[in-house]
Amino acid sequence: MLILTTNQSIKKLNERDNEAMIRTTINLPFSFLMLLYFLSSIFSCSPSRDRVMESPEGKMQVSLTEGGTYVVYDRDTIIASTVIGLSLNGKENFLTAPSVALQKIQVDETWSTVIGKNQKVRNYYNEYTLPVEGDIPYQVIFRLYEDGLAWRYVFKDTAEEDSLVSLKEVSSISFSKSFTYWAFNGEKHNIGPLNSDNATRDSLDIPLIVQNNRDVFVAIHEADIHNMAPLHLSVDQNRISIESQSTIGGGDVNTSWRAIMFGKSAGELLESNLLVNLNEPCKIADPSWVKPGKSLWDWRVSGYKTADGYEYGLNTKSHKRFIDFASANNIQYLLIDADWYGAEFSETSDPTAAREGIDIEECMAYAKKKNVGVILYLNDVGARKFGLERVLSQFADWGAAGVKYGFMTGSPEEKVKNTRHIVEMCAKYHLMIDFHDNPIPPSGDERTWPNLITREYGHAQADARYSYQPETGVNTAIINQIAGPIDMTNGWFDLNNAHSRTKVFEEIPGTVTAEVAKLITVYTGLMVLPDSPEEYLKKDELFDCIRKMPPLFDSFQVLNSVLDSTITVARKDGDNWFVGSLTNREPRSLKIKLHFLEPNKQYRATIYSDSPDTHFLNNKEAYQIENNVSVNAQSEINATLAPGGGHAIYIEMIKN
């Protein structure tokens, strides 16, 4: 079993053991006392130190004992009685304390991201490998970081090549006291806040966030999911059980990493690079063709009628209008969604040939002339019927920049393997990929395959035939994107009338300022803008904030985060900055300190706010803009957010 502690905690444990020894032996002869003290120094103190795993700077420590499990993060006991192990072919086999001193490997490297929250990432950890004996032996590899820890199971020559082993996780994490928790919940509002005292053992998807007390937040997720079904979690009182079941064949097998992140706020969990660091380095020899960006989207605009009488439809003429707007407004892509090659789920719809009304080669040539990339939709039916590689080869020959892949079928384990296969095949043909409807959780895998620029891991506005409320926008930005880059199709401007279109099924609650702020608060490799060019031009001064946004921000800092309530995120773009804030249904005033700005430099801010009478239900499109506000690193912005509203700031460095 495991004990996770700090140096101070270990010192107290050893002091307590020494005091107990002195009390027990006080009446014994002096020579025997000396012998006992000598033996205790060999068999008690030394093994306790030999069995300690720690992060490089000691903020996180894991002590392996036979007696129990404690997790201490930054001098605060968080987790107790953590059990780590597997059931293999029905026989349980748990990790226990080793009988020999631990050997560690320390890694300290800095790597550059292709897509990422930050341009540079430090990967700094200690790694330990522990054997587990049994009929089917395996190893548990630990990595300890200052902000979390992870472990995975490794099998060497598991069985004969034609044999299969049934693998079931039997690990659990018990917290030292009851806690509040939240979890991912597909295309619905996130689960929580719930109290563990009243919890059932219902299966939960990841990521899951635990608030153990006012000062400590914990996130549980996976990293490097690539050959086994994703794990699920269940809560029972103060214990979280890990649920995962797969079959493995012979040879060498690695499971995904079970990852636990720690922070003093939910925002610190968001800022963590633990998941990407647990993935392998980039496997694309030259990823320079992977170019994140902003994209227009034809799907939700279908049926929109312009002031001059034009009605958008699924045709090349409409696509050219999108391309013209994108080219003129710092938008890098057009996403052509379902039905462009025939009825979406028909097995006769051939994705290597466009339907009537669409000249895909003409569209591609026009887009290339305008320096705009085209991303093409493809679903599982078309890929399986006509051959994935054949289809992707054709997309590449046409000049497509990427693929939006939707509605993958199969078991969870099959989806994991098929996802990796599709990503690798897209990389072969220099195609980026955006997965619709999950199909598996992001897990930091954009480090290994940066062409996996985003996926719809949550509820996008106006999707699934309903719209989400403001508190879902806040929690999605906090909970879901712990997993990685997500496609939420933010940026609605026609909030009053969009539901009159054929592909928008319900009225959208929210404010236009919040829609701009969401593009800042949500990290993604592809900002998919759902509205029509004409609606953006109607509010051109507000749209200018989106126009100025870079294809990919340089950094990600969470300035404020309260689950269910609010979030504020700052993003860097060269010398300039963008700051976005969201609130739930309650109006809110925030003080935003600009301490992240470079000292001794002057800046000019443009502030985009809800109007005093803005409301997410009955006055959605009211906003106000304040230009040319002088600010510096000592400045503080008083932001006022309407019910269900948002706030955005563009900060430009003044150069001499």
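The rules behind the values
- Residues numbered from 1 in each chain as written.
- Predicted model: local features only at pLDDT ≥ 70, side-chain atom pairs only at ≥ 80, totals over all residues.
- Heavy atoms only, no water.
- Helix = DSSP H or I, 4+ residues; strand = E, 2+ residues; numbered from the N terminus.
- Contact = heavy atoms within 4.5 Å.
- Areas by Shrake-Rupley, 256 points an atom, 1.4 Å probe, with all protein chains shown as cover.
- Salt bridge = Lys/Arg side-chain N within 4 Å of Asp/Glu carboxyl O.
- Buried < 20%, exposed > 50% of the residue type's maximum accessible area, 1.4 Å probe, protein only.
- Pairing = 2+ DSSP bridges.
- Axes fitted to C-alpha atoms, helices over the stretch in contact; angles between N-to-C directions.
- Expected span 1.5 Å × (residues − 1).
- 1 Å grid on protein atoms, 1.4 Å probe; cavity = no way out; pocket = protein on both sides within 12 Å on 5 of 7 lines; lining within 4 Å.
- Points joined across faces, edges and corners; volume = space filled by probe spheres on them.
- Phe/Tyr/Trp six-rings, centres within 6.5 Å; stacked < 30°, edge-to-face > 60°.
- Core = buried A, V, L, I, M, F, W, Y, C linked by side-chain atoms within 4.5 Å.
- Left-handed = near helix turned anticlockwise from the far one by under 90°.
- Nonpolar A, V, L, I, M, F, W, Y, C, P; charged D, E, K, R; others polar.

J.: Is there a simple way to think about the overall build of the chain in this case?
T.: A count of helical and extended segments in the chain gives 13 helices and 37 strands. When contacts within the chain are restricted to residue pairs at least 6 apart in sequence, those whose partners lie at least 24 apart make up 73%. By element, 47% of the accessible surface of the chain is carried by carbon and sulfur atoms, the whole surface being about 26,100 Å².

J.: Just checking my understanding: could you explain the pattern of salt bridges for this structure?
T.: As a working rule, side chains carrying opposite charge can pair if their charged atoms are close by. Counting across every chain of the model gives 31 salt bridges. Put simply, R384 and D380 hold a salt bridge, and the shortest N to O gap is 2.7 Å. Of the two residues, R384 and D380 both sit in helix α7 (residues 380–386), 4 residues apart, roughly one turn of that helix. You can call D380 buried: its relative accessible area is 2%. Here R604 makes a salt bridge to E652, at a shortest N to O gap of 3.7 Å. Of the two residues, R604 is situated in strand β34 (residues 603–610) and E652 in strand β37 (residues 646–653); the sequence distance between them amounts to 48 residues. On the accessibility criterion, R604 (30% relative accessible area) is partly exposed.

J.: What am I meant to see in the environment of Q469 here?
T.: Its place among the elements puts Q469 in the loop between β28 (452–455) and α10 (470–478). Residue Q469 is classed as partly exposed on the basis of its relative accessible area, which comes to 25%. Sequence separation between Q469 and F616 is 147 residues, and the spatial gap between their C-alpha atoms is 8.9 Å. Among all residues touching Q469, those that are not within four sequence positions of it are P509, R585 and F616.

J.: Where do I start with the sheet that holds strand β32 (residues 576–583) in this structure?
T.: Through backbone hydrogen bonds, the strands of a sheet pair up, either in parallel or in antiparallel fashion. Pairing is antiparallel in the open sheet, where 6 strands are placed in the order β30-β31-β32-β37-β34-β35. A strand with exactly one partner marks an edge of an open sheet, and here the two such strands are β30 (557–562) and β35 (623–631). Strand-to-strand twist in this sheet, taken as the mean axis angle between neighbours without regard to direction, amounts to 10 degrees. Of the strand pairs in this sheet, strand β31 (residues 566–573) and β32 are connected by 8 bridges, and their pairing is antiparallel. Bridge pairing links K572 to W577 in β32. Sheet strands touched by helix α11 (residues 512–521): β31, β32, β34, β35 and β37. Its angle to β32, the strand with the most contacts, is close to 120 degrees. Across the sheet, helix α13 (residues 540–548) is in contact with β31, β32, β34, β35 and β37; its angle to β35 comes to roughly 55 degrees.

J.: Looking at this model, I keep getting lost on helix α9 (residues 412–428). Mind explaining?
T.: Its 17 residues place the ends of α9 25 Å apart at the C-alpha level, agreeing with the 24 Å of an ideal helix rising 1.5 Å per residue. Here α9 has its buried residues at E413, V416, N418, T419, R420, I422, V423, M425, C426 and A427. Tucked inside the fold, the buried residues of α9 contact β20 (245–248), α7, α8 (388–398), β26 (402–406), β27 (432–435) and β28. Directly after α9, the chain includes H430, whose backbone phi takes a positive value near 55 degrees.

J.: What am I meant to see in empty space enclosed by the protein here?
T.: Regions of empty space are outlined by a rolling probe, equal in size to a water molecule, passed over the atoms. Throughout the structure, instances matching the rule amount to 9 cavities of 30 Å³ or more. A volume near 180 Å³ is recorded for the largest cavity. Together, 22 residues line the largest cavity, and K117, S272, N273, V276 and E446 are the ones closest to its centre.

J.: Looking at this structure, how should I read the side chain of E413?
T.: If you trace the backbone, E413 turns up in helix α9. When neighbours within four sequence positions are excluded, E413 is seen to be in contact with N227, M228, A229, S246 and T247.

J.: How should the packing of aromatic side chains be read in this particular structure?
T.: One pair of aromatic rings is described through two measures. These are the centre distance and the angle between the planes. For the coordinates displayed, the defined rule picks out 24 aromatic pairs. A ring pair is formed by Y125 and Y145, whose centres lie 5.3 Å apart and whose planes are at 45 degrees; its orientation type is tilted. Residue Y125 is located in strand β9 (residues 120–132), and its partner Y145 is located in strand β10 (residues 138–145); the two are separated by 20 residues in the primary sequence. Judged by its relative accessible area of 6%, Y125 is buried. Between Y138 and Y153 the ring centres are 5.8 Å apart and the planes differ by 75 degrees, which places this aromatic pair in the edge-to-face class.

J.: Please clarify how the environment of P643 should be interpreted in this entry.
T.: Of note, P643 is situated in the loop between β36 (636–641) and β37. For the pair formed by P643 and K620, sequence separation is 23 residues and the distance between their alpha carbons is 9.9 Å. In this structure P643 touches T511, N584, R585, E586, P587, T614, H615 and F616, once residues within four positions along its chain are discounted.

J.: Looking at this structure, I do not really get the sheet that holds β20. What am I missing?
T.: The strand order across the open sheet formed by 4 strands is β7-β6-β12-β20, and the pairing between neighbours is antiparallel. If you trace the sheet from one side to the other, it starts and ends with β7 (91–94) and β20, each paired once. Within this sheet the neighbouring strands show an average axis-to-axis angle of 30 degrees, counted without direction. Where strand β6 (residues 85–88) meets strand β12 (residues 165–169), 3 bridges bridge the pair, whose relative direction is antiparallel. Within β12, the residue paired with L86 across the bridge is E169.

J.: Explain the nonpolar core here, please?
T.: Note on soluble globular proteins: their nonpolar side chains tend to be buried together. W340, L376, L378, F395, Y405 and M549 are the most contacted members of the largest nonpolar core, which totals 85 residues. If near-sequence neighbours (up to four positions away) are discounted, L378 is found in contact with Y341, P351, A383, L388, V391, L392, F395, V403, K404, Y405 and G406. Counting 49 residues, the second largest nonpolar core, distinct from the first, contains L144, L167, I242 and V253.

J.: Hey, could you run me through the packing of α8 against α9 in this one?
T.: Axis separation between α8 and α9 bottoms out at 10 Å; the angle between their running directions is 35 degrees. Both α8 and α9 take part in a crossing whose hand is right-handed. Taken together, the residues of α9 that come into contact with α8 (itself represented by L388, E389 and L392) are H421, I422, M425, C426 and K428. Broken down by class, the residue content of the contact of α8 with α9 amounts to 5 nonpolar, 1 polar and 2 charged.

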